[in-house]
Structures are given as structure tokens and as C-alpha cells.
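The primary structure of each chain is shown beneath.
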Amino acid sequence: MAGKATFFESSLSFPSSRNTQGVQSASTDTPRFVPSSKAQHELDASAQAQDQISRCFNKLRSLRETDSATLKTELNSLFDQLISENYNSLNHDNIHPEVVCEMLMHASRLVPLSQEHLIIKLSQLIHQLLNQLQVIVDEHTLDVLVSYCTRALRTCSSWTHPEVLLALSSLVYGNGSRCHRHLPELLGLNGVLVNYGDPRQPDIELRRSAVHCLANLCLSVPGQPYLEEPYKGACYGILLRTLQSPKPPDVEDIVFCTLLQSALKGTQYFLNGGKWKAVPNQDLGTLLALLKRFMFYGLPGINVEMPQVLYPAPLPQYETVPTAKPEPSQDSATQKKTAGSQQNKKRKSRGKGKKAGAEGKNDDDDLKTGGGGVDQSGWSLGSQSASVTSPSAVTPQLYPSWKKGSSDSEFSDPEGGMQTKLRLYQARVRQSALQCFLAVVKCVEKRILYGYWSSFIPDAPGIGGPPPLTLLTIALKDPSPKVRAGSLQVLSALLEGSRQFLSTAEDTSAPRQAFTPFSAMLASSVRELHRCLLLALVAESSCQTLTQVLKCLAHLVSNVPYNRLRPGLLSPLWKQIRPYVRHRDVNVRVSSLTLFGALVSTQAPLPEIQLLLQQPGSTSALSTSGISTPQELSHNWRLPARRDGEASSPGGGVEGGPEGPCWLLQLCVSLVTQPREEPYSDSDAGGSSGASLEPSPVRLEALQVLAHLVKGYFSLVQTSLLELGQLSSRCLKEQEASVQLHGAKLLEELGTGIIQQYRADANTTPSAKCVPVCQVVNFWSETLGAPLISALQNEQHPTLQTSACDTLSSILPQAFSQLPDKTQVLCITILLGLTYNENSLVKAAAVRALGVYILFPCLREDVMFVADTANAILTALDDRSPNVRAKAAWSLGNLTDTLIVNMQSVGLEFQEEFSDMLLLNMLRSATKASGDKDRVKSNAVRALGNLLHFLQPVHLGKPVFEQPLQEAMRALIETVRGDATMKVRWNACYALGNAFRNHNLPLGSAVWSKEAYSALSYVVTSCKNFKVRIKSAAALSVPSTRDRYGDAQQFAEVWQALAQALEHSEEMEDFLEYRYCASLRSQLCHALLHLLSVCQPDDLPALRSSLSDQSRPVLQGFLVRYLSNKGVTLAAGVDGAAGEEAGDHAVPEDGLMVLNETLTRLKGQLEEAVLDSSEELKTVVDFLEDVMRNFEDVKESDSKDFSLELSKLPQ
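What counts as what
- Residues numbered from 1 in each chain as written.
- Predicted model: local features only at pLDDT ≥ 70, side-chain atom pairs only at ≥ 80, totals over all residues.
- Heavy atoms only, no water.
- Helix = DSSP H or I, 4+ residues; strand = E, 2+ residues; numbered from the N terminus.
- Buried < 20%, exposed > 50% of the residue type's maximum accessible area, 1.4 Å probe, protein only.
- Contact = heavy atoms within 4.5 Å.
- Areas by Shrake-Rupley, 256 points an atom, 1.4 Å probe, with all protein chains shown as cover.
- Core = buried A, V, L, I, M, F, W, Y, C linked by side-chain atoms within 4.5 Å.
- Axes fitted to C-alpha atoms, helices over the stretch in contact; angles between N-to-C directions.
- Parallel < 35°, antiparallel > 145°, perpendicular 65-115°, else oblique.
- Left-handed = near helix turned anticlockwise from the far one by under 90°.
- Nonpolar A, V, L, I, M, F, W, Y, C, P; charged D, E, K, R; others polar.
- Phe/Tyr/Trp six-rings, centres within 6.5 Å; stacked < 30°, edge-to-face > 60°.
- Lys NZ or Arg CZ within 6 Å of the ring centre and 35° of its normal.
- Salt bridge = Lys/Arg side-chain N within 4 Å of Asp/Glu carboxyl O.
- Expected span 1.5 Å × (residues − 1).
- Polar contact = N/O pair within 3.5 Å; in protein donor to acceptor, adjacent residues only side chain to side chain.

Looking at an unreviewed UniProt entry, the protein carries the name HEAT repeat-containing protein 6, with the source organism given as Carassius auratus.

Next comes the structure, spelled out in C-alpha cells:
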């Protein structure tokens, strides 16, 4: 398998992507309409060219190797004919790659190395055919031709080498690993490419060709191995030295730009070859310093010296400005222009307004017109641009330099043309440097790159001195829209996934004078990012670059901790992006909606966003009240057409206060449902479900914004609940599957929002009242109609079925019970049927929905429904898909929770009706699932605990239950002792404690009792995770009577484990466990007091041994603090299990009562005790009396302190 070639022109441009899988036509542009006679003429010419090429191919393949002059003449003629053809304009589907390979190999055999002129032409032919025909040469051809080129480089004169290297670069493109036989000759110690690519090489053409060849060697095709060491490192070394070397004095600037572009592309290909490894010859700081230098290469107005190496540091590195002569002001240069030159400039850019979306397609044109598309926004290119904006607009000092007047007219025509060409090539260098930087961001760990944050992200505006050179400098000042877009892409990549790094930013507290903490510096950097990106948003006129600005803002908003920053960052952004929702370009509209989605989803609900959402849209969604951007005319080009109907505009808010519907909600609904009134730009390519509606990307993004809005700010949108339900139903009726899917997602979010309002722990404010149940019933009655049922049964779109199942699971339980019986039966029947679907995603979603329904009060007491659900879950628990098994295990855990609730509420009636055989199957399946993967195991052990708690004497008396019971207990014990995740072990400890609550189990006398207590005792003393220790201590305190702890030895083991755990409760390996210390000590104290309350005389020797050594004062101190509720307060809960945790603990008042009762009981035993047991009993009694005495002292001291504080209060 061999590879592809690249075009090697004077620009040395690299295509962004290459076809490496087959032959493609050279042009994919849509053909223009041409008259039939002209089209026929072009077809005839193409056919003639095909015949000519075929004849040349056949003639060349028919030649045989001789030394005659006739052969040389014929080869020369054939090569000229083949090279002169323009293969890009032909349909070359009939030219087979194997024919081209055979011809090139045959030609290499006909041309001896002594015929240097023919070698040059053969090299040109190889390059042209491989590029224009996009030929994939086979491995044998690659080997033959690379060998021929390397021999030519060793043998022929140096004047032939640039052309030979050109052919070699085409051959090795993406095939570095397949050229392993030739790599020593090319990249060895004295390899050809090593010598020619060395910065000391005087011939710049040879050096440029060699660097280009090295770059193509570094390119790796997906699915093929990368270039191996040490050759990969050799390529990187040459490329790095090329970037570090200065421009030779006798080399033209444009030629040097092409050399830099090749080196940067090669470096990018090298970085794409795998993760960055810190080796001696690959220093990240050196590479980043070079990239920062070339990011500003040739940028007008930038003349600074960059450091040779960038070092990771939180403090910014300041660039030093040399004392070079200042450049003349571009404003002043503009004022010197004559009126005629300005008219000429207008004539030059007049064509820019003919086709929307043409900005950024040609860097040359962009550089001539100052960024492209400027005339469309109403800006002039001279200094008058400041007068066009309103007083609230950006001041001229903040204008990007590319927005100011150009100085092209200062040159004569030839000189101006060369200057424009040079700026174009310099812009390509900057663009290549940014693409290389983007590759660095992707291959280097983010935590390493954050050390260089201050070198590329500003932390404060430059006031009183030169501004720092950062990525935002390029976004604001570079004249090329492609370069500006490249800098924004890099910034987006840096911001993506930076939430944890930016979470330390904070500026809510008062500023410190002595020093600036890192959190404040980071907060300042975040504020500067908002300021500069807003400037870029206002100034940008290229639609492609504007899209990147909006995407970069979305990444920023998604990762910034606004709850730790002073409010006010989001309001200007919110106001500025509102007009862009109606922008002429579809990509800009989609990106602006993406930004709105980020705003309403980040850390929701944010008070600032809540206020912005409540602001009335007094005029229209297109209203730019308070917004004065230079692009106002461009962005609101549809505004005059809508003024007549503004009052009824669906995009606008309702007149009045914030009582009306949310304006963003109304806007998104209108984008989904309302027809567009004006044609948009040419970039609106089909894809909408109706010809008059918005394009699909806009509608889908609007639906996503609605989903985010409902999820984060449900209280603001609940007044439009029925309207949103109708919108979802309308989307479900459409033909396009993606619109149906987003409609179902919106419906699910609506149901989830209602459920969260009704949860007891929901943080609802007095103004955010719950939706009435009758309204919820009405909502679901209208929604659970034909569209949703059709989506559930649409087997052609499993993803839609999955989302519809999730929607059914989001019905409020109180509302479900009031739905018509036929609707309830329909939902249950469909879900039960979908659990047997062949698609694993659908099956998992249906099983999960049943796991939700089994908790509904109106269904959980229905034995038939519980039995049907149990059978479906057990079937899914044996599925091949781990995802299905995980969902089934979760549902099984919910089902067993229902069994426990029914046991307590319904009683024996439910237990008698429930099938014993089904219960046995559930016990066996849960035991089997406890050996599965951790995501299955965590809920399987939870189900085991519930099932063991549910077993009644009628079950335990049957022999068929004996072995499954033992296997279930051993599964729990092994899980507690095992190396599973902490969540699994936590659930296993909870399950054991749950099983211990069943008084019918032979706890204390069964064989597995000792193993269970031993496992819990081991965990409570040795587990690194304190939450697991807490749950194991809670399980050890569950047995209510002494006989359930086993013999005296077993009781002593449990006591010793709890005492040891309490004594060492402040020792931890991970500091994050410190927050659970108090809860752990509280639970251990409660468990110890419980053991003391049930202890018998046989247990006293073990108690005496632990209370008479050096651990006595430690235990006594912890118990006193527990009773006085100091330092050992209970935690609120663990992982959402607050109710379970609270049930395991006892409040200190209960502990005091237990201590008093225990002390009274033991004192009575002491009076009746015989001599041999009186010493042990007296030790325990003395210990408890000391605890009571110290507790009383602490209580009295606290009372005096409180009285003293009261006396100091003013009367």
C-alpha cells in the first residue's frame, strides 16, 4: 500500500485533507450551467484528451530499453505530452491506478541515471500524475520508484535534485512507515534529506524541497503505523532547527515563507502521530516559543522579540519591545489618500457584496479589502469608520487594525502587488503556526498546557504599555479572516475541558493589597477573555470567523465558574448575541443558539441569567435595544420587513413585566414552528423538513436550547408547559428522525422538571410553585397520544425509541395514577414488550422505565404488575449487553425496594400472593449478577440485601431456599472483602446491614455469620474510604439482641474492631476523606454504645482488656464529644443516600439514653455479681461513669459560657 502526493507549487501549500482511500475527481464543485453547444464542445475536447493520454500511455509502455537516440527523442516527446495535459479538468475515472503504476515503473527502467534531462521530466511526471490523478500506488511501485529517486539523488548533478525531491515527496506522502527499507539512506546519519534539510545548506531550493519531503514522511494515514524511531526524532530535529534558523540575507521573503510553512506543516504532522512524550530532544517550551513567534509572523504593527523558551508558570512573561522606529499610523496614512484612491478602493471591493458568505474564501482578496465583507456592514475602510458607529460603540482605539484603512495605495502597482503577495504568504505562515499549535493542544495533556496559560491568554488589558501578545491579539488584529479563525479554534481547544482548572478562579472577595493570589489572577484572565471576545464579536465581518467567535464564547461560558465571580460578565454578552439569531448566515445562527444553550445550561440556575430571562422582550427578538454594533445593519437586515407585525412577533416577549412568557422560549418556539419570511444566504443548503421552515440545524439547535432552558430554569417556563408539550408533539409528527428525537428529549426534560418540583428535597422558592397535578395530568393526557406511541413503535429508529422510553419514565407518579386506565395499561404494555427488543439501547431504556414505574405507589401493590416486571427484568439480566444488564440490575434493586415497602405497608397479604418460585429466581439472578462488572454488581448487591431482608419463615423453611441463601450471603461477604470500587463495597456493606434486619435469618448461629462479622470488622478498620467504613459500622450496630452476635469470641472481635477504628479515626491516607471523619466517629460511637447495651457477663473480659490500657482516655474523649454533640456531628448523607444514612445513625440524645440504661443495668449486675466477674464488670462501670461525669462537666461548662455571652449583650 502506498500513498498520496501533494501539490508542490511555489507556495508549497498543503491540502487540509487528502483522499487516501481511492481515486476521486479533482474538483467537487457544482458545475455551472453552460449552453448545450458549449457543453458538447467541452465533452468532445475531454474525449480527445482522454484518447491522447491513452495513446501516450500505450506508446510509452511499448518502448523497450536501448541506448539509441531515437528512444531518447521519443521519451522526451512523450514526457512533454503527458506533462502538458491538465488532468484536473478531465474525468479520469477511466485511468486506472494500476496502469499509471505500471507506466511509471516502466518509464523508470527506460530512463538511465545518466540522462539527467529525462530524469527531471520523469520526476515532474511522477509528481503531476500522483497529485492530479490522486493515484494510490501499490507497495511494489513505491519501493521501485523511491529506490530510483534515492539513486538519482546520489548519482545525478545537484541541479536535478529539486525536481527529484519533488517526485520523492509525492511518493512518500503518508507512507513514512512503508518506506522502512529506504529510511536509513534518507534519514540516517548522512542521509540525503538530513544533509539537504540542514539549516546550513546554502541552496535554499534544495533545503525547501528536502523539508517538504520530510513533512510528507511525517504524515501518518489512519490505520497505518507511524514513522518509527529514531527516524521520527530525526525529522523533528530538522524541522525544529529550520524554524529556529534566521532568514539568510540572500533569500527572498516569499521563498523563506514557503520554507517555514513546510516546516510548520511537518511539525503538525509529527504532533498528529501520537501523544507528546517529554524526551531530551523534544522540549515543549521551546516548541511553544517558536509557535508563538510564528503566530505573529509578518503581522502589521507587531515588532517584538519573543523568548527562546517558554516556561510553565502562573505569572505572565512579558515580551520586550525593541527600540525600533515606530510604524506610521494607519489612520494618518489613510488621511493622506486622495478621493480618487478611495473611489478606486470602493470599485475593488464592490464585487464583495454580490454573494453573501463569500468572506474568507480568498486570503488575497481579504487582505485587499481589510478582512472581507466590510462594505456589507456599512463600514468604510478609511478613518471615517468611527463616525458610523453610535456613541456607545467601541472606541476607535479598540478597533482591530484590520478594520482600519489599508495603505496599498502608497505603493506603485508592481510594488503593491508584491507587498500583497508577501502579506498573503506571511498569513499562511501564521495560519500554519496556529494549526500546529492546535495539534499541540490535542496531543499534550491539558494539565501540562495550563502551565503555559499566561503566555497565550491575557490576564489584564494592556494599559499604559504595549499589550501582551496572545491568541486574542490575533483574533482582533490579524487582517486575514482564516488566521483569526485559526486563533479562535486554538482558544476553543484550550478552553474545552478546562472547567476544573478555571474552578479556582474567584474575585468575589475584597481585593488584597499585599499580593495577588492565583485565583484572582485567573479571574482577571477570565474577565479579559470575555472583554476581548466581545470586541471580536462586534468587529468581525467574516461569517466563517464570526462562527468561530461564537463557538469560542460557548466553550468559555461552559467552563467558567460564574458563581465564584462578580456578576455582570454575562449581561453584555447576552445583549450582544441577540441579533445574531437572525443573522443572514445559517452557521452564525446555529452558533448563536449554541451560545444561548451554553448560557442557560452552565451552573443553572444562575441569578444573573434568571434576571436576563425575566426581562420583557418589549419589541421583538430582533430588538437591539441597548446594542450598538458596527454590524447592526448587516445582522438586522430583516428588521424593516417585520416592523409592521412586531406586536405579534412570536420571537418577541409579551408587553409588560416579567409575568409574560420567557422571550428566549418564544424565540426558540418560533424558530422551530414559524416559516422564515426572507431568503437567507447561499450557505443555507436544504435540510429543513419543509421548504418554508428554518434549516434543520437551526431548528435542532433551538430545540436543544429549549431543553436546556427547561432543565435549568423550569420555574420560568412552566407557564408555557402546554405550549411546549404541543411543540414536542408536533416535532414527533414530522418525518425527519432528528427533529423527532429532539422533540422527545424536550418532552423528557419537561417531565423531569415537574418531578423535581415535587420531590421533597427540591430547592423550590416560594415564588416557584409546583405545577398543579391537574395541569400535569392534562399535559400528559394530550402528550401521550399517537405521535409518542408511534415513536415508541418505530423500529427503524432505535435511538428515537430509546428517547421515547425515557420520556415515559419521566411521568409524575401522582399524575400517572390519575391518567385513564387504558393509558396506563398502554404505557405498561409497550414497555414490557420493548424489553424483548433486539436493540440493546431500546431494551435498556425499557427496563429502566419499568424500574421507575415499579416505585409508583399506584403500581407497586399490584402483584401481577410486580411479577410481570420481575420476569422482564430477570430476562434482561441475562442479556449479552453490559448496558442492558446494568439497567436491569438497577431496576431489580428498585423492585426489591418495593418488596420491602410492601412488606411494611401491606403486610402478609402481599407476601403470600407473591410467587415463591419467582422470589427464588430473583435471589439466584441477583447472586449471579453480583459477580458481574462493577456497574452491574453495585445494584445486584443492593437487591440481594433487600431480598434477604424480605425472606419469611415460610421461605426459610423450604429446603430449596437453603443453598441460594448461603450463596447470596457469601456473595455479599466476598464483595465486601474484594477489590471492587468503593461504591460497590459501600452497597455491599449496606446490603449486609439490610439482611441483618431480618429477624428470621439465623444470624449468630449460621455458618456464614462469623464470615460476615469478620468481613465487616476488617473493612471498618482498614478500608481507605471512610464512607465504606461508616456503612460497615452501621451494619455492625444493626443486630438488636446479644444472641445475634454469636459467641463471646465473635462479640469480642466486633468490639475490638470498632474500638480500634475509633481510636485511629483521625488517621487517613487521602485528605479528601477528612470531611467524613466526624460522621465516621459518630457512627463508631453509636455502635460501641449499642454493643455495651447488649453485652453479657461472658463479654466483660474482652471489654476490660480494651478499657484498661492506653486507649481508654481516647475512647472516653470521643464518647464524651459524641454525647455533647461536639466534633462528631452526623453527616448529611452519602451519595444521595441521606435517608439511609440517617436511618443508620442515632442522635446523641438517644446515645445518652442508651448510656444511662446500660449503666443502670450493669450497676445492678455488679451488686449481684460473684467475685470472679466483679473486676471486669467494675472496670466497665467505672469507664461509663467517667464518661457520664465528664459529659456533665462539659455540659455545665457550656451552660456557663452561654450565660456569660448573654450577660455581655446590650440591654
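1. Description of the overall build of the protein
Helices and strands together make up the secondary structure of the protein, namely 58 helices and zero strands. Taking all 1211 residues of the protein together, 55% fall into the buried category. Considering only contacts in the protein between residues 6 or more positions apart, those separated by 24 or more positions represent 75%. Accessible surface, the protein: about 53100 Å² in total, of which carbon and sulfur atoms supply 52%.

2. Thoughts on the nonpolar core
In terms of nonpolar packing, the biggest core is built from 357 residues, with Leu187, Phe437, Leu664 and Tyr853 touching the most fellow members. Once residues within four sequence positions are removed from consideration, Leu664 is found in contact with Trp574, Phe596, Val600, Leu613, Val705 and Leu709.

3. Side note on the packing of helix 42 (residues 863-876) against helix 45 (residues 916-929)
Contact geometry of helix 42 with helix 45 gives a least axis separation of 11 Å together with a crossing angle of 30°. When the interaxial angle is binned, helix 42 and helix 45 end up roughly parallel. The interaxial crossing formed by helix 42 with helix 45 has left-handed handedness. Between helix 42 and helix 45, the contacting residues are Ala867, Ala870, Asn871 and Leu874 on the first element and Leu918, Asn921, Met922 and Ser925 on the second. Looking at the contact of helix 42 with helix 45 residue by residue, the class counts come to five nonpolar, three polar and no charged.

4. Concerning unusual backbone geometry
Trans peptide bonds make up most of the peptide bonds, and negative phi angles are found at most residues other than glycine. Cis geometry is found at the peptide bond from Ala604 to Pro605, where omega equals 0°. Its location among the elements puts Pro605 in the loop between helix 26 (586-601) and helix 27 (607-614). Phi at Gln603 is positive, roughly 50°, even though this residue is not glycine. When you line up the elements, Gln603 lands in the loop between helix 26 and helix 27.

5. Quick word on the packing of aromatic side chains
Scanning all chains against the criterion turns up 19 aromatic pairs. Plain terms: the ring middles of Trp453 and Phe501 are 5.2 Å apart, the flat faces sit at 55° to each other, and that makes the pair tilted. Of this pair, Trp453 sits in helix 19 (residues 453-456) while Phe501 sits in helix 22 (residues 499-502), placing them 48 residues apart in sequence. Neither Trp453 nor Phe501 differs from the other in exposure class; each is buried. On the numbers, 5.1 Å between centres and 70° between planes, the contact of Phe779 with Trp780 is edge-to-face. When sorted by exposure, Phe779 lands in the same class as Trp780, which is buried. The ring of Phe456 is capped by Lys292, whose NZ or CZ atom sits 5.8 Å from the centre of that ring. Here the guanidinium or amino end of Arg428 rests over the ring plane of Tyr425, the centre of that ring lying 5.1 Å away.

6. Re the pattern of salt bridges
On inspection of all chains with the given rule, the structure shows 26 salt bridges. A salt bridge links Asp507 to Arg527, with the shortest nitrogen-to-oxygen separation between them at 2.7 Å. Taken together, the positions of Asp507 in the loop between helix 22 and helix 23 (518-539) and Arg527 in helix 23 put the pair 20 residues apart, joining distant regions of the chain. Across the pair Asp878 and Lys928 runs a salt bridge, and its minimum N-O distance is 3.6 Å.

7. As for helix 9 (residues 204-218)
The end-to-end C-alpha distance of helix 9, which contains 15 residues, comes to 21 Å, matching closely the 21 Å that a straight helix rising 1.5 Å per residue would cover. Among the 15 residues in helix 9, 14 count as buried, and that is most of the element. For helix 9, the N-terminal capping position is held by Asp203, with its side-chain oxygen 3.1 Å away from the main-chain nitrogen of Glu205.

8. Considerations on the side chain of Gln718
Within the fold, Gln718 resides in the loop between helix 32 (714-717) and helix 33 (721-733). On the basis of relative accessibility, which here comes to 14%, the residue Gln718 falls in the buried class. Discounting residues that sit within four places of it in the chain, Gln718 has contacts with Gln757, Lys769, Val771 and Gln775.

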